[in-house]
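Each chain, written out:
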Amino acid sequence: MSKIPHELAVFLKNIGVKYVFGIPGGPSIPYMEEFKKQKIQFITTANEQSAAIMADVTGRLTGVPGICHGTYGAGATNLSTGVGEALLDRSPLIAFTTEFKDEDRGRVIQMNINHQELYLPITKKTERLTQSNFNNLLRDAVETSLSEPPGSVHIGLPSDLAEKNVESELSSYKVKTKKVKSINNDYDEIKKLIEKAEKPVIALGLTADRFKLKDKLNKLVDKLKVPVFLTPMAKGLISEKSPWYGGVLFHAKSDIAADIYRQADLVIGIGYDPIEFNYEAWMPKVPLIHIDTSKVDITSDYKEVYEIIGDLNDSMDILLKETYPDYKWEKSEILKNKEKLFKSLMIKTDNLNPVDLITGLQEQIPVDSIVTSDVGAHLHLLGQLWKTDNNKFLITNGWSGMGFSIPAAIGAKLAKPENTVVSISGDGGFLMNCGEITLAKRLNLNILFIVMVDGDYSLIKVKQNWKKVEEYATKVTDDEYFKSDYFLGVPVLRLKDKEDIKSVLKKGFEHNGPVIIEAEVNGSIYQELITKDYK
């Protein structure tokens with residue numbers, strides 16, 4: 001029998017946790033001491049939101065639940081933004097918060113709120129840790145966070161818990177994941193639909209990415225010979241070089257991609273999670289085959305919906321064994337439309353614009369890099385234009401919170417230290433969590449932080465333009481953004497001209513430690529690139 005902080009630290013170590021992200025309070029100190037003894041690094045962030053985002057990304061990349069911590073009240077509410085992100089972006093995460101002891105719950109005390117009520121709608125489970133539930137709750141927390149679809153779990157740590165002893169049963173615990181149960185599988189109807197269809201299309205979502213189905217999907221696409229479309233978080237599953245690649249749904253110039261999928265007489269959704277983009281937001285009124293770990297969510301306007309629900313690897317094996325007819329798609333038509341899509345993105349301006357920067361970065365980025373992108377107008381362009389052949393592209397699209405890119409890049413670098421990591425932010429998104437630049441400096445992480453500076457919240461400007469109203473309250477800055485060669489001790493490289501892209505990026509990649517590139521871009525092109533109507 002040992003103190004609870006010791007047994008908790010041993011448990012986390014056993015399941016593969018290397019980092020706990022957060023901001024501590026007084027009651028956290030005993031836990032931090034035990035983490036240190038177990039060689040789990042407590043990483044103090046500038047903001048709890050960032051801590052949860054870092055935990056989210058480490059969970060995504062390693063498959064081990066990311067761990068974060070916040071203290072009473074304000075610490076818990078700050079943390080909650082990133083915890084909600086893990087829920088809707090489907091990342092395994094366990095969030096711990098310090099809570100008041102039992103006799104003080106409900107009393108009028110500084111910083112005292114009910115953390116379970118706060119976390120109930122943004123987690124898969126929320127509960128307080130006690131001596132009696134210690135073993136069952138921690139086991140369940142890990143398994144719940146990892147079970148389909150993965151997400152966040154919250155555990156409250158009463159302030160007096162650290163002094164209590166517990167008889168742990170978890171010293172040799174091995175992580176167990178629950179296999180997805182097969183339910184409501186409409187195999188017979190689906191086989192008839194596939195045989196009858198003339199122009200089916202495939203739509204891939206983030207579940208397919210989580211199940212690492214890239215090889216199987218490429219084999220299936222080669223077998224079916226039909227166009228493939230991806231949600232933003234599924235980007236990378238099919239190479240942009242594939243003759244059947246149709247484009248990314250929802251992102252820049254997706255109205256051109258729509259010229260193909262609007263011809264479909266059947267949609268086959270594989271690992272398609274509507275949390276990114278509802279089926280009915282884009283697909284024609286045709287039959288749908290939904291193949292995923294969770295049942296479909298679609299409006300009743302769609303009358304023919306058939307499902308294969310279960311483990312996606314098993315489902316893919318079934319699909320790969322089938323024989324398929326020769327469909328009426330012409331490869332040349334798909335290739336021509338893809339060429340039209342990418343050509344439409346290549347807007348030229350006299351001065352540096354985001355297209356110039358993205359294509360320049362693509363030419364220089366090392367193999368096996370991880371690219372993180374913030375939310376904003378630049379993501380609509382980046383999500384469609386960026387080529388993912390030898391790199392990993394990380395975004396938030398279920399939650400879509402600004403401020404993602406910087407902490408995500410830090411989490412990615414810690415999870416995959418051997419990989420080059422690049423963060424891309426707009427000037428608005430950068431401000432949200434730029435305090436974490438100090439953490440990147442403190443840990444001497446080789447991360448290239450690119451900030452696209454156009455002076456505005458450009459996506460809001462685009463939408464105001466759609467509504468034909470005067471631009472209002474969109475200004476980020478009308479002056480020089482950084483005004484210094486350093487920001488929080490990190491060097492700033494300036495990029496103003498197209499001719500300097502190669503040299504500035506080269507200098508950034510060669511720098512030892514974190515470095516910022518301030519890229520002054522012409523954001524006016526977003527008005528032309530971002531599609532208003534997707535259907």
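It should be noted that the structure appears before, not after, this text.
Notes on the structure in this doc start here. (Residues numbered from 1 in each chain as written. Predicted model: local features only at pLDDT ≥ 70, side-chain atom pairs only at ≥ 80, totals over all residues. Heavy atoms only, no water.)

## A short note on the side chain of His69
Part 1 of the reasoning: Assignment of secondary structure puts His69 in strand 4 (residues 66–70).
Part 2 of the reasoning: In this structure the side chain of His69 is engaged in a polar contact, spanning 3.2 Å, whose partner is the side chain of Ser28.
Part 3 of the reasoning: Here His69 is in contact with Val20, Phe21, Gly22, Ile23, Pro24, Gly25, Ser28, Phe42, Glu48, Leu79, Phe96 and Thr98, once residues within four sequence places are set aside. (Helix = DSSP H or I, 4+ residues; strand = E, 2+ residues; numbered from the N terminus. Polar contact = N/O pair within 3.5 Å; in protein donor to acceptor, adjacent residues only side chain to side chain. Contact = heavy atoms within 4.5 Å.)

## Details of the sheet that holds strand 9 (residues 200–204)
Sheet strands pair by backbone hydrogen bonding; their relative direction is either parallel or antiparallel.
Part 1 of the reasoning: Read from one edge of the open sheet, 6 strands run 11-10-9-12-13-14, paired in parallel fashion. Each edge of the sheet is formed by a strand with only one pairing partner; in this case those strands are strand 11 (245–248) and strand 14 (305–309). Each neighbouring strand pair of the sheet contributes to a mean axis angle of 20°, computed without reference to strand direction.
Part 2 of the reasoning: Examined bridge by bridge, strand 9 and strand 10 (residues 228–230) share 3 bridges and lie parallel to one another. (Pairing = 2+ DSSP bridges. Axes fitted to C-alpha atoms, helices over the stretch in contact; angles between N-to-C directions.)

## A look at the nonpolar core
Part 1 of the reasoning: By size, the foremost hydrophobic cluster in this structure holds 96 residues, and its most contacted members are Ile202, Leu204, Leu217, Ile270, Trp282, Leu381 and Ile450.
Part 2 of the reasoning: If one sorts the elements of this core by residue count, helix 14 (residues 377–385) sits on top with 5 residues.
Part 3 of the reasoning: Here Leu204 is in contact with Leu217, Val228, Phe229, Leu230, Thr231, Ala234, Leu237, Ile238, Ile270 and Tyr272, once residues within four sequence places are set aside.
Part 4 of the reasoning: With 46 residues, the next largest nonpolar core counts Ile43, Met54, Leu79 and Val490 among its residues. (Core = buried A, V, L, I, M, F, W, Y, C linked by side-chain atoms within 4.5 Å. Buried < 20%, exposed > 50% of the residue type's maximum accessible area, 1.4 Å probe, protein only.)

## What about the environment of Ile309?
Part 1 of the reasoning: With respect to the secondary-structure elements, Ile309 resides in strand 14.
Part 2 of the reasoning: With relative accessibility at 1%, the residue Ile309 sits in the buried group.
Part 3 of the reasoning: For Ile309 and His290, which are 19 residues apart along the polypeptide, the C-alpha to C-alpha distance reads 7.9 Å.
Part 4 of the reasoning: The residues touching Ile309, leaving out its near neighbours within four places in the chain, are Lys181, Ser182, Ile183, Asn185, His290, Asp292, Thr293, Ser294 and Lys295.

## Considering the environment of Asp265
Part 1 of the reasoning: Mapped onto the secondary structure, Asp265 falls in the loop between helix 10 (254–261) and strand 12 (266–270).
Part 2 of the reasoning: Its relative accessible area of 28% is what places Asp265 among the partly exposed residues.
Part 3 of the reasoning: Taking C-alpha positions, Asp265 is 6.8 Å from Glu198, a pair spaced 67 residues apart along the chain.
Part 4 of the reasoning: If we ignore the near neighbours within four places in the chain, the residues touching Asp265 are Ala197, Glu198, Lys199, Pro200, Val286 and Pro287.
Part 5 of the reasoning: A polar atom in the side chain of Asp265 sits 2.7 Å from the backbone nitrogen of Glu198.
Part 6 of the reasoning: Among the polar contacts listed, one links the side chain of Asp265 to the backbone nitrogen of Lys199, at a separation of 2.9 Å.

## Concerning the pairing of strand 7 (residues 152–158)
Part 1 of the reasoning: With respect to burial, strand 7 is a largely interior element, 7 of its 7 residues being buried.
Part 2 of the reasoning: Burial of the side chains of strand 7 extends over both faces: Ser152, His154, Gly156 and Pro158 are buried on one face and Val153, Ile155 and Leu157 on the other.
Part 3 of the reasoning: Where strand 6 (residues 125–128) lies against strand 7, 4 bridges are found, and the strand directions are parallel. Looking across to strand 7, one finds that Lys125 is bridged to Val153.
Part 4 of the reasoning: As a crossover connection, the stretch from strand 6 through helix 6 (residues 134–146) into strand 7 is right-handed. (Right-handed = clockwise from strand over helix to strand, strands pointing away.)

## Some words on the sheet that holds strand 6
Part 1 of the reasoning: Pairing is parallel in the open sheet, where 6 strands are placed in the order 3-2-4-5-7-6. In this open sheet, the two strands that pair with only one neighbour each are strand 3 (41–44) and strand 6. Across the sheet, the mean angle separating the axes of adjacent strands is 20° when strand polarity is ignored.
Part 2 of the reasoning: Inspection of the sheet shows strand 5 (residues 93–99) paired to strand 7 by 7 bridges, in the parallel sense. What sits directly across from Thr98, in strand 7, is Leu157.
Part 3 of the reasoning: Along the sheet face, helix 3 (residues 48–62) touches strand 2 (19–22), strand 4 and strand 5 and points at about 170° away from the line of strand 4.

## Brief notes about the packing of helix 9 (residues 214–224) against helix 11 (residues 312–321)
Part 1 of the reasoning: Helix 11 packs onto helix 9 with a crossing angle of 25° between their chain directions and a minimal axis gap of 10 Å. It follows from the interaxial angle that helix 9 and helix 11 lie roughly parallel. For helix 9 against helix 11, the interelement crossing comes out left-handed. Side by side, helix 9 and helix 11 meet where Lys216, Leu217, Lys219, Leu220 and Lys223 of the first sit next to Asn313, Met316, Asp317, Leu319, Leu320 and Lys321 of the second. (Parallel < 35°, antiparallel > 145°, perpendicular 65-115°, else oblique. Left-handed = near helix turned anticlockwise from the far one by under 90°.)

## Focus: the pattern of salt bridges
Part 1 of the reasoning: A full pass over the atoms with the stated rule returns 31 salt bridges.
Part 2 of the reasoning: Among the ionic pairs, Asp209 bridges to Lys392, the shortest N-O distance being 3.2 Å. A residue pair is termed long-range when its members are at least 10 positions apart, and Asp209 in helix 8 (residues 206–210) and Lys392 in strand 16 (residues 391–394) qualify at 183 residues.
Part 3 of the reasoning: Residue class for Asp209 comes out partly exposed when judged on its relative accessible area of 21%.
Part 4 of the reasoning: Residue Lys392 is classed as partly exposed on the basis of its relative accessible area of 31%.
Part 5 of the reasoning: Three or more residues are tied together by salt bridges with common partners; here these are Asp456, Lys461, Glu471 and Lys475. (Salt bridge = Lys/Arg side-chain N within 4 Å of Asp/Glu carboxyl O.)

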